[in-house]
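If you want the building blocks of each chain, they are given just below.
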Amino acid sequence: MILVTGTTGQLGSAILDALTARGAAPLASNRSGRADARRIDFDDPGSVSFLGIDTLVLVSAGEAEDDVVIARHETAIAAAERDGVRHLVYTSLTTAGDHLAFALAHRWTERRLERSRLSWTVLRNGLYAELFGSLLEWSGGSLRSAFGDGALAAVTRADLAEAAAVVAMTPGDHVGRRYDLVGDPITAGQVADHLGVGFHSTSLAERREALKHVPLKPFQPPMLLSIFSAVRHGFLAGTGDDLRDLLGREPADTVPVAAASVAVPTP
């Protein structure tokens, strides 16, 4: 039996759909128990049970400070050990993401899996094309961004979900593997060209100032600025074959996906 955590999130729900499309009958879990899912809330250890689960797909429980995310993942891994889970698939962060402000909790979790009694696979997911597009802004009839001319080896959420499904359905083929799941590099300028509009670059300082006027949680501005800086300076442009090999096909073209994720310009 396969169980996917975090199924109210976009990646978790996409993995659930990908498994179902491949003929699996996965179980879903989320912190509220919505949509016929098990209620599993990592902030409430008493709610966490993986009894009867052979393969656990642990979708990173981010969106919090490092200590909170680490505590959640410790709760999940300890419960998986206790309840006899045979294999754990973890959705981590691309290897090049060590430069990002939210990498620490991912790398801690990978180390914890290495020390665990579990069989495991780590999916080092690249940043979403959907995220890349959402971080581009309109300025009149043009796009602007602090990404500059830097490129991101972006990947679609759907491709990452399909890769997770492939691994979860045949875990024995992927024991102890770390896959770096990145796509072909794209730039903000390419997204603007796809939309038929101009593009101009802003500085990181300008982006930092703009974030002061956006309703964000305290830990989010440093996370976002680290993405802008890492892309701008070429740290997230490297590509590889792991995603293509798992999918057995070419990954989706990420430029139109990023373009579709750009916010609708205000009149």
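Conventions adopted
- Residues numbered from 1 in each chain as written.
- Predicted model: local features only at pLDDT ≥ 70, side-chain atom pairs only at ≥ 80, totals over all residues.
- Heavy atoms only, no water.
- Helix = DSSP H or I, 4+ residues; strand = E, 2+ residues; numbered from the N terminus.
- Buried < 20%, exposed > 50% of the residue type's maximum accessible area, 1.4 Å probe, protein only.
- Contact = heavy atoms within 4.5 Å.
- Areas by Shrake-Rupley, 256 points an atom, 1.4 Å probe, with all protein chains shown as cover.
- Pairing = 2+ DSSP bridges.
- Axes fitted to C-alpha atoms, helices over the stretch in contact; angles between N-to-C directions.
- Phe/Tyr/Trp six-rings, centres within 6.5 Å; stacked < 30°, edge-to-face > 60°.
- Core = buried A, V, L, I, M, F, W, Y, C linked by side-chain atoms within 4.5 Å.
- Salt bridge = Lys/Arg side-chain N within 4 Å of Asp/Glu carboxyl O.
- Expected span 1.5 Å × (residues − 1).
- Right-handed = clockwise from strand over helix to strand, strands pointing away.

Q: Explain the overall build of the protein to me, using residue names and the numbers behind them.
A: When helices and strands are counted, the protein shows 10 helices and 12 strands. Considered along the principal axes of its C-alpha atoms, the protein spans approximately 55 × 40 × 35 Å. Taking all 267 residues of the protein together, 51% fall into the buried category. Contacts in the protein between residues far apart in sequence, at least 24 positions, make up 76% of those at least 6 positions apart. A total accessible area of about 11,900 Å² is found for the protein, and carbon and sulfur atoms account for 52% of it.

Q: Let's hear about the sheet that holds strand S12 (residues 199–201): which residues, and what values?
A: Spatially, S7-S8-S12 is the arrangement adopted by the 3 strands of the open sheet, whose pairing is mixed. Since the sheet does not close on itself, it has two edges, and those belong to strand S7 (137–139) and S12, each with one partner. Geometrically, the sheet is characterised by an average inter-axis angle of 40° between neighbouring strands, direction not taken into account. Relative to strand S8 (residues 142–145), S7 runs antiparallel, the two being bridged by 3 bridges. Its bridge partner being in S8, glutamate 137 is matched across the sheet by arginine 144.

Q: Go over the packing of aromatic side chains, please, and point to the residues and values.
A: Inspection of the entire model under this criterion finds 2 aromatic pairs. Geometrically, the ring pair formed by phenylalanine 132 and phenylalanine 147 is stacked, given 4.6 Å between the ring centres and 25° between the ring planes. Of this pair, phenylalanine 132 sits in helix H4 (residues 129–134) while phenylalanine 147 sits in the loop between S8 and strand S9 (151–153), placing them 15 residues apart in sequence. Judged by its relative accessible area of 1%, phenylalanine 132 falls in the buried class. Taking 4.8 Å as the distance between ring centres and 40° as the angle between the ring planes, the aromatic pair formed by phenylalanine 147 and phenylalanine 228 counts as tilted.

Q: So what's going on with the nonpolar core? Residues and values would help.
A: Core analysis: the largest hydrophobic core is formed by 33 residues, its most contacted members being Leu100, Leu127, Phe132, Phe147, Val191 and Ile227. For this core, the elements supplying multiple residues, two or more each, are H4, helix H6 (188–195), helix H8 (220–232) and helix H10 (254–260). A per-element tally of this core places H8 first, with 7 residues. With residues near it in sequence (within four places) discarded, isoleucine 227 still touches Leu100, Phe102, Leu127, Leu131, Leu135 and Phe147. Ranked by size, the runner-up nonpolar core spans 29 residues in total, among them Ala37, Val59, Val167 and Leu247.

Q: If you had to explain the sheet that holds strand S2 (residues 27–30) to someone new, which residues and values would you point to?
A: If you trace the 7 strands from one edge of the open sheet to the other, you get S3-S2-S1-S4-S5-S6-S10, paired in parallel fashion. The sheet is open, and its two edges are formed by strand S3 (38–39) and strand S10 (177–181), each paired on a single side. When strand S1 (residues 2–4) meets S2, the two strands line up parallel, connected through 2 bridges. Pairing of valine 4 across the sheet is with alanine 28, part of S2.

Q: So what about the pattern of salt bridges? Which residues, and what values?
A: Under the definition given, this model contains 23 salt bridges. For glutamate 74, the salt bridge identified is with arginine 112, shortest N-O distance 2.7 Å. Of the two residues, glutamate 74 sits in helix H2 (residues 66–83) while arginine 112 sits in helix H3 (residues 103–115), which places them 38 residues apart along the sequence. Exposure remark for arginine 112: the relative accessible area of 9% places this residue in the buried category. The partner of glutamate 130 in a salt bridge is arginine 157, with the nearest N and O atoms 3.9 Å apart. Residue glutamate 130 is located in helix H4, and its partner arginine 157 is located in helix H5 (residues 157–169); the two are separated by 27 residues in the primary sequence. As far as the burial class goes, glutamate 130 and arginine 157 line up, both buried. A cluster of three or more residues bridged by salt bridges with shared partners is formed by Arg31, Arg39, Asp41, Asp43, Asp44 and Arg72.

Q: Any details on helix H1 (residues 10–21)? Residues and values, ideally.
A: Between its first and last C-alpha, H1 extends 16 Å over 12 residues, near the 16 Å set by a 1.5 Å rise per residue. Listing the buried residues of H1 in full gives Leu11, Gly12, Ala14, Ile15, Leu16, Ala18 and Leu19. In this fold, the buried residues of H1 make contact with S1, S2, strand S4 (55–59), strand S5 (87–93), strand S6 (119–125) and H5.

Q: Please give an account of the pairing of S5 that cites residues and values.
A: S5 sits mainly inside the fold: 7 of its 7 residues count as buried. Bridging between S4 and S5 involves 5 bridges; their strand directions are parallel. The partner of leucine 58 across the bridge, within S5, is tyrosine 90. In the classification by handedness, the crossover that spans S4, the intervening H2 and the parallel S5 is right-handed. Bridging between S5 and S6 involves 7 bridges; their strand directions are parallel. In the sheet register, tyrosine 90 faces S6, and the bridge partner there is valine 122. You can see the chain leave S5, run along H3 and come back into S6, and the turn it takes is right-handed.

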